[in-house]
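One-letter residues, chain by chain:
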There are 2 protein chains.
Amino acid sequence: MIASLRKAGYRITPQRLAILKVLAESADHPDVGGIHRKVGRQYPAMSLATVYKTISQLKDLGQVLELEFSGIANRYDGKKPYAHPHVLCECCGKIVDPEVPNTEKFAADLSRATGFRIHSTRLDFFGTCPTCLRKGK
Amino acid sequence: MIASLRKAGYRITPQRLAILKVLAESADHPDVGGIHRKVGRQYPAMSLATVYKTISQLKDLGQVLELEFSGIANRYDGKKPYAHPHVLCECCGKIVDPEVPNTEKFAADLSRATGFRIHSTRLDFFGTCPTCLRKGK
DNA sequence: GTCATTGCAAAGCATTTGCAAGTCG
DNA sequence: CGACTTGCAAATGCTTTGCAATGAC
């Protein structure tokens, strides 16, 4: 990620490094608020705007995947920055990456059927996770 | 839709009828602004809030499918109010329903693999439609 | 020293909510 | 008539933007 930013002409600031670190280490698909909170332990003056701006650059460079939601804050995946299915628990907000084969074939079939050129894919499933189910929904 | 509202104890007002009419007749997955604009030809005083409230009720009754997007307004489908794949043109905003088989099987496999109980599904594809491609992207 | 970046505050949008006035049943 | 609805305005929550001060290279 650092190399990618440098190559694109962006400057490497301590704030950015801290944000990259959180993104690279988080397996839980955090939202901007969550990233800001974690980085804030080291940089209490960090602005939300800085997190948004840095993520936007990483997104443009293809280093981070943005999971868009309406109603709730977008979530970010710095570990697998390419389109893949997600399952979200509507009870606790947890997001997991299920094993699903042939997701690209899906898009290819679709492109053939509709004549669209497909740029990106969104395969999301919403439900209740095993932990929340056990707690009685 | 009318019967469904009445059965649920909601009143049938002229404003609601006009909104239902637009939803039932629109094949282009309109957003709230678009619905409001169309209904406004007959009811210039119609409030956006009324459109939002009516759609929310229809959503609860399962009579309308809400397509959530972040960044752009949500779109609504009153013709096929159950989860199905969509392809959206990022250039002109057009949404089409492609033919894709076995989408329920997808969710079933996933439920087995993750232990989640799946409530709803989101299969969206983003790209450029043939018309916009022809116009040179 | 330059120019990108930061942090703050204000603006922007889609959506929701509170409430007085109006109306369906 | 009483309870549900309407329409307005204000509020909310996430995200973006403008701008002066700061800091990377």
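In this report, the structure presented in the accompanying data block is examined. Everything numeric here is computed off the predicted structure, so don't read it as measured data.

Once that is clear, we can look at the interface of chain B and chain A. Listed by partner, the interface residues are 33 residues for chain B and 33 residues for chain A. Both faces combined, the contact of chain B with chain A buries some 3,100 Å², and carbon together with sulfur accounts for 68% of it. When the buried surface of chain B facing chain A is broken down by residue, Phe106, Phe116 and Phe125 of chain B rank first, second and third, together holding 22% of it. On the surface where chain B and chain A come into contact, there are zero salt bridges. Along the contact surface separating chain B from chain A lie 14 residue pairs in polar contact (both at pLDDT 80 or more). When residues of the side of chain B that touches chain A are traced back to their parent elements, those giving at least two are strand E3 (86-89), helix H5 (103-114), strand E5 (117-128) and helix H6 (130-134) of chain B. For the side of chain B that touches chain A, the per-class residue count stands at 18 nonpolar, nine polar and six charged.

Around DNA strand D sit 19 residues, and of these Tyr52 and Asn74 of chain A together with Thr13, Thr50 and Lys53 of chain B come closest. Counted by atom, the contact set of DNA strand D within 4 Å of the protein is 64% sugar and phosphate. Arg11 of chain A has a polar side-chain atom sitting 3.1 Å from a base nitrogen of DNA strand D. Ser47 of chain B is positioned such that a nitrogen or oxygen atom in its backbone is 3.4 Å from a phosphate oxygen of DNA strand D. Elements that contribute at least two residues to the surface near DNA strand D include exactly helix H4 (48-60) of chain A together with helix H2 (14-25) and helix H4 (48-60) of chain B. Partitioning the surface near DNA strand D into residue classes produces nine nonpolar, five polar and five charged.

All right, on to the protein's contact with DNA strand C then. Surveying the vicinity of DNA strand C reveals 19 residues, the closest of which are Thr13, Arg16 and Lys53 of chain A together with Arg11 and Tyr52 of chain B. Of what DNA strand C places within 4 Å of the protein, 71% of the atoms are sugar or phosphate. Here a phosphate oxygen of DNA strand C and a side-chain polar atom of Thr13 of chain A are 2.8 Å apart. At a separation of 3.0 Å, a sugar or linking oxygen of DNA strand C approaches a polar side-chain atom of Gln15 of chain A. Going through the elements one at a time, helix H2 (14-25) and H4 of chain A together with H4 of chain B are the ones with two or more residues in the surface near DNA strand C. Each residue belonging to the surface near DNA strand C can be placed in one class, and the counts come to nine nonpolar, five polar and five charged.

What counts as what
Residues numbered from 1 in each chain as written. Chains lettered and ligands numbered in written order. Predicted model: local features only at pLDDT ≥ 70, side-chain atom pairs only at ≥ 80, totals over all residues. Heavy atoms only, no water. Contact = heavy atoms within 4.5 Å. Buried area = accessible area lost by both parts, 1.4 Å probe. Salt bridge = Lys/Arg side-chain N within 4 Å of Asp/Glu carboxyl O. Polar contact = N/O pair within 3.5 Å; in protein donor to acceptor, adjacent residues only side chain to side chain. Helix = DSSP H or I, 4+ residues; strand = E, 2+ residues; numbered from the N terminus. Nonpolar A, V, L, I, M, F, W, Y, C, P; charged D, E, K, R; others polar. Near = heavy atom within 4 Å.

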